Amino acid sequence: MALFDAIEALLKKYPAEVNAVGPRAEALIRRAEVFLGVQFPPSYRDFLKRWGALGFGPEEICGVTGENFETGRVPNGIWFTVQERAKLALPAGLVVVVNADGDQYYCIDTAQKTPDGESPVVIWDVPSRAVLGTKSPNFGEFLLRRLQETAETIDAG
């Protein structure tokens, strides 16, 4: 996947800024899907298989950090998604991938699927408890753009 080649190249350029959990096994990814009651899109599955969850500079991309989905902290996206479902009535089809600022979450909307199985990344507004719009047509493009923006901030800093 060309997107992930570009992401790999970007991360290799800034090794001191990268903190990855590490590759996650297919069986663990399936357990996470069952736990949440969703099917992850291919680009998110690829992300989980490569990095699990990812810190890049100040950016945290949530994912699967371990086998315990019931307790944890960010970047454990499975735990965080379940917490926000209970606390804030986050819709069941949304999977939180970034806590943007505490007032907005970027979420994969697994209820929407394109013919290739991808799902959009949407902006979920905490105060209104509503989806404000689409941030990206799929997780892979979202991730690349987010990391490029963070790299620009790192370069400027």
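About the cut-offs
Residues numbered from 1 in each chain as written. Predicted model: local features only at pLDDT ≥ 70, side-chain atom pairs only at ≥ 80, totals over all residues. Heavy atoms only, no water. Pairing = 2+ DSSP bridges. Helix = DSSP H or I, 4+ residues; strand = E, 2+ residues; numbered from the N terminus. Axes fitted to C-alpha atoms, helices over the stretch in contact; angles between N-to-C directions. Contact = heavy atoms within 4.5 Å. Disulfide = S-S within 2.5 Å. Buried < 20%, exposed > 50% of the residue type's maximum accessible area, 1.4 Å probe, protein only. Lys, Arg positive; Asp, Glu negative; His and termini not counted. Salt bridge = Lys/Arg side-chain N within 4 Å of Asp/Glu carboxyl O. Polar contact = N/O pair within 3.5 Å; in protein donor to acceptor, adjacent residues only side chain to side chain.

### Observations regarding the sheet that holds strand S6 (residues 121-125)
Consider a sheet: its strands pair through backbone hydrogen bonds, and that pairing is either parallel or antiparallel. What the four strands build is an open sheet, ordered S4-S5-S6-S7; its pairing is antiparallel. Either end of the sheet is taken by a strand with one partner, and the two such strands are strand S4 (94-99) and strand S7 (130-136). Here the strands of the sheet are splayed against their neighbours by 35° on average, with no regard to which way each runs. Relative to S7, S6 is paired through five bridges, and the arrangement is antiparallel. Pairing of Ile123 across the sheet is with Gly133, part of S7. Seen against the sheet, helix H4 (residues 77-88) touches S4, strand S5 (104-109) and S6 and runs at an angle of roughly 110° to S4.

### Things to note about the state of the cysteines
Summed over the entire model, instances satisfying the criterion amount to zero disulfides. Unpaired in this structure, Cys62 has its nearest cysteine sulfur neighbour in Cys107, at a distance of 9.5 Å. Looking at Cys107, the relative accessible area reads 0%, which means it is buried.

### What about the side chain of Arg85?
When you line up the elements, Arg85 lands in helix H4. The side chain of Arg85 is buried and forms no salt bridge, while Asp109, the nearest opposite charge, is found at 9.5 Å. Polar contacts involving the side chain of Arg85 include one to the main-chain carbonyl oxygen of Ala92, which spans 2.5 Å. Excluding anything up to four places from it in sequence, Arg85 contacts Leu36, Val38, Leu90, Pro91, Ala92 and Leu94.

### Let's talk about the sheet that holds strand S2 (residues 54-56)
Taken in spatial order, the three strands make up an open sheet running S1-S2-S3, and their pairing is antiparallel. Every interior strand has two partners, whereas the edge strands, strand S1 (18-20) and strand S3 (59-61), have only one. Taken pair by pair, the neighbouring strands of this sheet meet at an average axis angle of 10°, ignoring direction. Pairing analysis gives three bridges linking S1 to S2, with the strands arranged antiparallel.

### Observations regarding the environment of Asp109
Looking at the element boundaries, Asp109 is found in strand S5. Each C-alpha atom, one on Asp109 and one on Gly72, is 22 Å from the other, the two residues being 37 residues apart in sequence. Sequence-distant contacts of Asp109, defined by excluding residues within four places in its chain, comprise Gly93, Leu94, Ser119, Pro120 and Val122.

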